[in-house]
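# An overview of the molecular structure
Below are the chains, spelled out letter by letter.
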Amino acid sequence: MNLFLDSSVDLIIGILDSNYRWVEYSQIGGASAGRNLHKLLLEALTRVQLEIKDIKNFFLINGPGSYTGVRVTEGFGKVAEICKGRIFSFHHHQIPFLSGRYDQGAFISNAFKGEYFVHQWLGSKGESKLISADELHAEIVELKIKYSEIFCNGSIEDLHPTLELIKGEGEVILKQVEQRNLREKAFYYRAEKDEFKVKKK
């Protein structure tokens, strides 16, 4: 069995069988969801009559996100590693490429603090930047000229959520993650010194 976790926006807990077919998928919103990860995970496992020892592979979304969001799954991953779990991690903006259907494209997510994260890729190479909320619509218009599909984490205008892609094509995407043995580091929108900087009034 396989476990999928994502805390970059809402908390996503998914369980897949040995053929990477979903048997459980829960999306829990609210600021307290991450703090209750272990309780919610136990409840999800119980619903499908499993225990944590039945999980063979752990697939973690490791950003991009804020420190408070991404650290939930990254912290869980470090504990699972200590317990000799088989850990894989990847980023939201890698999902379309890993599906095998999008060799190039763009990804946008809300980076909070009045900013948005924009990532463009061509093959396995990409570049990222932060833009202001005021620049968002013009950026989307420009990207739509370049790419057939633009992805997002959450809900942004008419963009395609990456979670919909992984729900529909989890078998292909997670097999790619496993075959590539991905263990991407936590990807934060900003450096720690900038994330917790207090703005002067």
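It should be noted that the structure appears before, not after, this text.
So, here is what we can say about the structure in this document. Fair warning: this is a prediction, and the values are worked out from it, not measured in the lab. Starting afresh in each chain, residues are numbered from 1 along the sequence in its written order. Since the coordinates come from a predicted model, pLDDT governs what is reported: local features require at least 70, and pairs of side-chain atoms require 80 or more to be given and counted, while whole-chain, interface and lining totals use all residues. Hydrogens and waters are ignored; side-chain quantities use all the structure's heavy atoms.

## Some thoughts on the sheet that holds strand 10 (residues 160-161)
A pair of strands is treated as paired once DSSP finds two or more bridges between them. In DSSP terms, a helix is any run of H or I states spanning at least four residues, a strand is any run of E spanning at least two, and both are numbered starting from the N terminus. In space, the five strands of this open sheet follow the order 8-7-6-9-10, with mixed pairing throughout. The open sheet has two edge strands with one neighbour each: strand 8 (125-132) and strand 10. Judged from the two bridges that link them, strand 9 (residues 150-153) and strand 10 form a sheet pairing that is parallel. The residue bridging Cys-152 from the neighbouring strand is Pro-161, located in strand 10. In what follows, a contact means two residues having at least one pair of non-hydrogen atoms within 4.5 Å. Structural elements are reduced to axes, namely lines fitted to C-alpha atoms, with helices fitted over the stretch in contact, and the angle between N-to-C directions of any two is expressed from 0 to 180 degrees. The strands touched by helix 4 (residues 136-146) are strand 6 (104-112), strand 7 (115-122), strand 8 and strand 9; relative to strand 7, the strand with the most contacts, the crossing angle is about 10 degrees.

## What to know about the pattern of salt bridges
Two side chains with opposite charge may pair up if their charged atoms get near one another. By salt bridge we mean one thing: a side-chain nitrogen of Lys or Arg within 4 Å of a carboxyl oxygen of Asp or Glu. Inspection of the entire model under this criterion finds 11 salt bridges. Across the pair Arg-47 and Glu-24 runs a salt bridge whose closest N-O atoms are separated by 2.6 Å. Linking Arg-47 in helix 1 (residues 37-47) with Glu-24 in strand 3 (residues 22-28), this pair joins segments that are 23 residues apart in sequence. Given the relative accessible area of 12%, Glu-24 is considered buried. One salt bridge in this structure joins Glu-178 and Arg-86, with 2.8 Å as the shortest N-O distance. Here Glu-178, found in helix 5 (residues 162-179), pairs with Arg-86, found in strand 5 (residues 86-90); they are 92 residues apart in sequence, far enough to count as distant. Exposure categories follow from relative accessible area, calculated using a 1.4 Å probe and restricted to protein chains: below 20% of the type maximum is buried, above 50% is exposed, and the middle band is partly exposed.

## Notes on the sheet that holds strand 2 (residues 11-16)
Across a sheet, strands are paired by hydrogen bonds formed along the backbone, either parallel or antiparallel in direction. The mixed open sheet is built from five strands, whose spatial order is 3-2-1-4-5. Taken across any chain shown, the strands that pair with only one partner, and hence form the sheet edges, are strand 3 and strand 5. If you compare each strand with its neighbour and ignore which way they point, the axes differ by 15 degrees on average. Two elements, strand 1 (residues 2-6) and strand 2, share five bridges in a ladder whose sense is antiparallel. Residue pairing across strands places Leu-3 opposite Ile-15, the latter belonging to strand 2. Running at roughly 30 degrees to strand 2, helix 1 makes contact with strand 1, strand 2 and strand 3 of the sheet. Along the sheet, helix 2 (residues 67-82) contacts strand 1, strand 4 (57-61) and strand 5; its crossing angle with strand 4, the most-contacted strand, is approximately 155 degrees.

## Brief notes about the nonpolar core
In terms of nonpolar packing, the biggest core is built from 24 residues, with Phe-4, Phe-59, Phe-90, Ile-95, Ile-166, Leu-174 and Val-177 touching the most fellow members. When contributions to this core are tallied by element, the ones reaching two or more residues are strand 2, strand 4, strand 5, helix 3 (95-98), strand 6, strand 7 and helix 5. With six residues, helix 5 is the single largest residue contributor to this core. Grouped together as the second largest cluster of nonpolar side chains are 17 residues, Leu-37, Leu-40, Leu-41 and Leu-45 included. We call a set of buried Ala, Val, Leu, Ile, Met, Phe, Trp, Tyr and Cys residues a nonpolar core when their side-chain atoms join them within 4.5 Å.

## As for helix 5
The terminal C-alpha atoms of helix 5 lie 20 Å apart, and with 18 residues this falls more than 12% below the ideal 26 Å at 1.5 Å per residue. A residue's bend is simply the angle between two axes: one fitted to the seven residues ending at it, one to the seven starting at it. Most pronounced at Glu-169, the bend in helix 5 amounts to some 95 degrees. Turning to helix 5, its buried residues number three or more, namely Thr-162, Leu-163, Leu-165, Ile-166, Gly-170, Ile-173, Leu-174 and Val-177. Backbone geometry just after helix 5 places Asn-181 at a positive phi near 55 degrees. Between the first and last residue of a helix there are one fewer steps than residues, each counted as 1.5 Å, and that sum is the expected span.

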